[in-house]
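Reading the structure
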Amino acid sequence: MEQNIIVSVDVVLFTLSEGQLKIVLLRRERDPYAGQLALPGGYIHADKDRDSLASAERVLLNKTGLVSPYLEQLYTFSGGVRDPRGWSLSVAYYALVHESLLVPDAELRFELWPVAAVPDLPFDHNRIVDHAAKRLRDKSTYTSLPCHLLPELFTLTELQQTYEHILGVALDKSVFRRKLPELDFLEAVPDAIRQGKHRPAQLYRLRPDRRLTIFDKPV
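Each value, and the rule that gives it
Residues numbered from 1 in each chain as written. Predicted model: local features only at pLDDT ≥ 70, side-chain atom pairs only at ≥ 80, totals over all residues. Heavy atoms only, no water. 1 Å grid on protein atoms, 1.4 Å probe; cavity = no way out; pocket = protein on both sides within 12 Å on 5 of 7 lines; lining within 4 Å. Points joined across faces, edges and corners; volume = space filled by probe spheres on them. Helix = DSSP H or I, 4+ residues; strand = E, 2+ residues; numbered from the N terminus. Nonpolar A, V, L, I, M, F, W, Y, C, P; charged D, E, K, R; others polar. Expected span 1.5 Å × (residues − 1). Buried < 20%, exposed > 50% of the residue type's maximum accessible area, 1.4 Å probe, protein only. Contact = heavy atoms within 4.5 Å. Polar contact = N/O pair within 3.5 Å; in protein donor to acceptor, adjacent residues only side chain to side chain. Patch = residues over 30% accessible without salt bridge, like charges linked within 9 Å, V, L, I, M, F, W, Y side chains within 5 Å. Areas by Shrake-Rupley, 256 points an atom, 1.4 Å probe, with all protein chains shown as cover. Salt bridge = Lys/Arg side-chain N within 4 Å of Asp/Glu carboxyl O. Axes fitted to C-alpha atoms, helices over the stretch in contact; angles between N-to-C directions. Parallel < 35°, antiparallel > 145°, perpendicular 65-115°, else oblique. Left-handed = near helix turned anticlockwise from the far one by under 90°. Phe/Tyr/Trp six-rings, centres within 6.5 Å; stacked < 30°, edge-to-face > 60°. Pairing = 2+ DSSP bridges.

- Per an unreviewed UniProt entry, the chain goes by the name NUDIX hydrolase and belongs to Chitinimonas viridis.

Printed below as a string of C-alpha cells:
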C-alpha cells in the first residue's frame, strides 16, 4: 500500500535576550505531541505556496506574527522514524530578529528558550536546533549575519557584543574596530548620537543593499 509522505517546514527563530542566544518555541495544539514545546512549523500548501521559502514565511507569520529580515534554508530532514504518523520530510529554515519584535499575546503564545538549555523536543527538532545554531555560529565568523539580531540603529560596541554572544568568545576591541572600515555593510546615521556614560556614541545601521556581506578574513 502506497504511503503519503508528510511534507512540512520548520523554522528556528533566533534572537538575543539578556545576553543569551535564544530561540522561539511554541506548544503544539494537536497530536502528535499535543501540549509539548516544539519549533514553529507547518505543512507545505502545494496549492498556495510558490516554494518552501514561501511556506516558511507563511508559517513564521502565522505562528509568531513576524516577517524576519533574514530567513535562510538550513537543511532537509527526512525519514520514516522522525514522525509517528509516517514517513516525513521537513525543509528547515532559520531566521533572526531583534528581541523587541517578539511580543507574545493571547493569539501568539510562544516562549523564548536559551539555545544552551533547550528541553527535549518532539520529532527531531533538537537536531534541527543544533544544526541551526552551528550554522549561525559558523557563518558569523565570516559574514555580517549577526547584524540581523540588532535593532535598526546600533552602536559599534553593541555590534561587537552581538558577535561575542553568538561566538561565545571575547573579541579584541581594537582589532574589531580596525576591521570595520574594510566592510561596507554599515553606514553611519547622520546626526544620530547616543549619549553614554563616558562619551557620545555614533549610531549605525545596516545598509539596505547589504543583506549579507561576506568578509575576506574571519572576525
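Topic: the layout of surface pockets
- If you add up the space inside the largest pocket, you get close to 830 Å³.
- Lining the largest pocket are 31 residues, and of these Arg28, Arg30, Gly41, Gly42 and Lys63 sit closest to its centre.
- Those elements giving two or more residues to the lining of the largest pocket turn out to be strand S1 (6–17), strand S2 (20–27), strand S4 (41–43) and helix H1 (52–64).
- Along the lines of polarity and charge, the residues of the lining of the largest pocket split into 11 nonpolar, 7 polar and 13 charged.
- In this structure, the second largest pocket spans a volume of roughly 350 Å³.
- Around the second largest pocket, the lining comprises 14 residues; the ones closest to its centre are Thr155, Thr157, Arg177, Arg199 and Ala201.

Let's talk about H1
- Here H1 is 13 residues long and its end C-alpha atoms lie 18 Å apart, about the 18 Å a rise of 1.5 Å per residue gives.
- Listed as buried for H1 are Ser52, Ala54, Ser55, Ala56, Val59, Leu60 and Thr64.
- Looking at the buried side of H1, the elements it contacts are S1, S2, S4, strand S5 (70–79), strand S6 (88–96) and strand S7 (110–114).
- Among the residues of H1, the N-terminal cap falls to Asp51, whose side-chain oxygen and the backbone nitrogen of Leu53 are separated by 3.2 Å.
- Just beyond H1, the residue with positive phi is Gly65, at close to 75°.

Quick word on a nonpolar patch on the surface
- Together, Ile5, Val7 and Trp87 give the surface a local cluster of nonpolar side chains, amounting to about 260 Å² of exposed area.
- Among the structural elements, Val7 can be located in strand S1.
- We classify Val7 as partly exposed; its relative accessible area is 33%.

Notes on the packing of helix H2 (residues 125–140) against helix H3 (residues 156–167)
- Contact geometry for H2 and H3: axes closest at 9 Å, N-to-C directions at 135°. By the angle class used here, H2 and H3 are oblique. Relative to H3, the crossing made by H2 is left-handed. In contact with Leu136, Arg137 and Ser140 of H2, H3 contributes Tyr163, Ile166 and Leu167.
- Of the residues that constitute the contact of H2 with H3, the class distribution is 4 nonpolar, 1 polar and 1 charged.

A look at the packing of aromatic side chains
- Under the defined criterion, the tally for this structure stands at 6 aromatic pairs.
- For the ring pair Tyr75 and Phe77, a centre distance of 5.0 Å and an interplane angle of 70° mean the geometry is edge-to-face.
- Centroid distance Tyr163 to Phe176: 5.7 Å. Interplanar angle 65°. Geometry classified as edge-to-face. With Tyr163 in helix H3 and Phe176 in helix H4 (residues 173–179), this residue pair connects regions lying 13 residues apart in the sequence.
- Assessed through its relative accessible area of 6%, Phe176 is described here as buried.
- Three or more aromatic residues link up through ring pairs in this structure, and these residues are Phe14, Tyr70 and Tyr94.

With respect to the pairing of strand S8 (residues 186–194)
- As judged from the 5 bridges shared by S8 and strand S9 (residues 201–206), these two strands associate in the antiparallel manner. Note that in S9 the partner of Leu186 across the bridge is Leu206.
- A loop of 6 residues connects S8 with S9, the two strands running antiparallel in sequence.

Observations concerning the pattern of salt bridges
- The final tally for this structure, using the stated rule, is 15 salt bridges.
- Across the salt bridge formed by Asp209 and Arg210, the nearest N and O atoms sit 3.1 Å from each other.
- Take Asp209: its relative accessible area is 45%, and that puts it in the partly exposed class.
- Look at Arg210 and you get partly exposed, because its relative accessible area is 23%.
- Look at the salt bridges and you will find they share partners, linking Asp184, Arg207, Asp209 and Arg210 into a network.

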